[in-house]
Amino acid sequence: MAACKRLVVSCLFLVLLLAEANAQGLKVGFYGKTCPEAEGIVRKIVFAAMKKAPTLGAPLLRMFFHDCFVRGCDGSVLLELSNKQDEKNAVPNLSLRGFGIIDDSKAALEKVCPGIVSCSDILALVARDAMVALEGPSWEVETGRRDGRVSNINEVILPSPFDNIAKLITDFRSKGLDEKDLVVLSGGHTIGMGHCPLMSNRLYNFTGRGDSDPSLDSEYAANLRKKCKPTDTTTALEMDPGSFKTFDESYFTLVAKRRGLFQSDAALLDNSKTRAYVFQQARTHGSTFFHDFGVSMVKMGRIEVLTGRAGEIRKMCRVPN
């Protein structure tokens with residue numbers, strides 16, 4: 001048994017070493033000479049789209065997260081297979097929106113710098129620019145990723161809204177992310193919507209005995225029950241009531257008051273490190289949150305990237321070359 005554990009640890013260490021080695025091929029301003037207009041082109045398209053539909057911010061952020069956690073940040077979530085067995089058709093990805101923004105960015109870049117800018121880099125840039133459009137943080141995006149050629153629906157295993165803190169920490173550590181990255185990136189729930197099916201157990205049948213989740217503030221739970229009946233499968237709920245269209249620190253204030261929407265939000269209070277961060281941001285009105293979010297996004301953007309001669313630069317983001 002001990003030998004098996006040592007083997008698992010050794011394999012995980014090797015994966016992280018390889019990821020770090022590949023990430024060394026990334027740098028800020030990678031396209032400075034080959035396509036100096038790249039970031040400006042993407043930013044203009046994102047800002048125009050967000051002005052028309054600000055609710056696209058959350059799914060665009062999640063798109064990058066979902067891409068990086070499956071096969072690394074290689075744009076595999078964008079691929080469409082004729083048999084529909086691609087990542088895009090996995091259940092957790094069915095609510096993603098904004099793929100047209102990626103396509104528009106790629107088309108505009110191909111006119112100016114054909115075959116230069118990868119779809120995986122476009123995803124990273126779009127995620128950043130969408131947050132800026134919502135008055136959120138900005139950070140310098142490392143670029144230089146190349147695109148993967150594989151997308152498999154069966155590989156989509158993502159951290160879940162139903163996960164406890166131990167499972168969340170394990171999932172994040174497997175990608176080279178620590179407890180601080182977990183709680184910081186969870187702060188992305190300051191924007192966007194959840195839906196009643198993701199809450200029904202917490203409200204009506206938490207332990208299988210017709211009870212509610214005791215970690216959920218009772219007044220908040222009562223308000224949610226008014227909006228979500230047990231059989232409701234469609235009603236949308238604001239992740240951060242009152243400011244779900246603005247990227248701010250109020251998410252942490254809600255979690256500190258036991259008003260996080262998902263079990264995974266409430267779980268942040270079950271670990272000393274994540275709990276301390278939640279209360280620190282709630283107490284100081286997010287004094288370091290914007291900076292920390294940028295740091296963790298850059299770190300996430302290095303997960304299992306393809307650089308150098310690995311992968312390819314797709315001509316169209318939905319299909320491999």
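Quantities reported herein were computed from a predicted structural model and do not represent experimental measurements. Per chain, residues are indexed from 1 in the order of the written sequence. Local features in this predicted model are restricted to residues of pLDDT 70 or higher, and side-chain atom pairs are both shown and tallied only at a pLDDT of 80 or more, whereas totals for entire chains, interfaces and linings draw on every residue. Hydrogen atoms and water are omitted, and side-chain values are computed over all heavy atoms in the structure.

Peer 1: Sorry if this is basic, but what is going on with the UniProt feature "domain: Plant heme peroxidase family profile" (unreviewed entry) in the protein chain here?
Peer 2: UniProt positions are given in the numbering used here, feature names are shortened, and annotations may be inferred rather than shown by experiment. Annotation from UniProt places "domain: Plant heme peroxidase family profile" (unreviewed entry) at residues 25–321. Strands here are runs of E lasting at least two residues and helices are runs of H or I lasting at least four, both read from the DSSP assignment and numbered beginning at the N terminus. Secondary structure content for residues 25–321 is 41% helix and 3% strand, while the C-alpha to C-alpha distance between its ends is 22 Å.

Peer 1: What is the right way to look at empty space enclosed by the protein in this model?
Peer 2: To find leftover empty space, a probe the size of one water molecule is rolled over the atoms. Within this scheme a cavity is a closed region of a 1 Å grid, computed over the protein atoms alone, that accommodates a 1.4 Å probe without allowing it to escape, whereas a pocket is open but has protein on both sides within 12 Å along at least five of seven lines; lining residues each have an atom within 4 Å of a point. Grid points are joined across faces, edges and corners, and a volume is the space filled by probe spheres set on the points. Tallying each qualifying case throughout the model produces one cavity of 30 Å³ or more. Roughly 50 Å³ of internal volume is contained in the largest cavity.

Peer 1: Before we go on, may I ask you to explain the domain arrangement of the protein chain in this structure?
Peer 2: Interfaces are often described in size by the accessible area the parts lose on coming together. Structurally, the protein chain comprises domain 1 (27–158) and domain 2 (165–299). We call two residues in contact when some of their heavy atoms are within 4.5 Å. Each partner contributes residues to the interface: domain 1 has 16 residues there, and domain 2 has 16 residues. Once two parts are joined, some of their accessible surface, as seen by a 1.4 Å probe, is lost; buried area is that loss totalled over both. Between domain 1 and domain 2, roughly 1,400 Å² of surface is buried when both sides are summed, and carbon and sulfur atoms account for 80% of that area. A per-residue breakdown of the area domain 1 buries against domain 2 is headed by F69, P137 and W139, which together make up 36% of the total. By salt bridge we mean one thing: a side-chain nitrogen of Lys or Arg within 4 Å of a carboxyl oxygen of Asp or Glu. At the junction of domain 1 and domain 2, the tally comes to zero salt bridges. Counted as a polar contact is a pair of N or O atoms within 3.5 Å, where, for protein atoms, one must be capable of donating a hydrogen and the other of accepting one, and residues adjacent in sequence contribute only when both atoms are in side chains. The interface formed by domain 1 and domain 2 holds two residue pairs in polar contact (both at pLDDT 80 or more) in total. Those elements giving two or more residues to the side of domain 1 that touches domain 2 turn out to be α3 (57–68) and α5 (119–133). For the side of domain 1 that touches domain 2, the leading source of residues is α3, giving five residues. Asp, Glu, Lys and Arg are counted as charged, while Ala, Val, Leu, Ile, Met, Phe, Trp, Tyr, Cys and Pro are counted as nonpolar; the rest, among them Gly, fall into the polar class. Taken together, the residues of the side of domain 1 that touches domain 2 break down into ten nonpolar, three polar and three charged. Note that the domain bounds reflect an automated or database-derived domain assignment.

Peer 1: Got a minute to help me understand the pattern of salt bridges in this structure?
Peer 2: Note on pairing: side chains with opposite charge can pair once their charged atoms come close. Counted under the stated rule, the structure contains 19 salt bridges. A salt bridge links D178 to K299, with the shortest nitrogen-to-oxygen separation between them at 3.5 Å. Of this pair, D178 sits in the loop between α6 (165–173) and α7 (179–186) while K299 sits in helix α13 (residues 289–300), and the two are 121 residues apart along the sequence. Exposure remark for D178: the relative accessible area of 32% places this residue in the partly exposed category. With a relative accessible area of 28%, K299 lands in the partly exposed category. Taken together, the shared-partner salt bridges connect E80, K88, D103 and R318 into one network. Buried, partly exposed and exposed residues are distinguished by accessible area as a fraction of the type maximum, computed with a 1.4 Å probe on protein chains only: under 20%, between the cut-offs, and over 50%, respectively.

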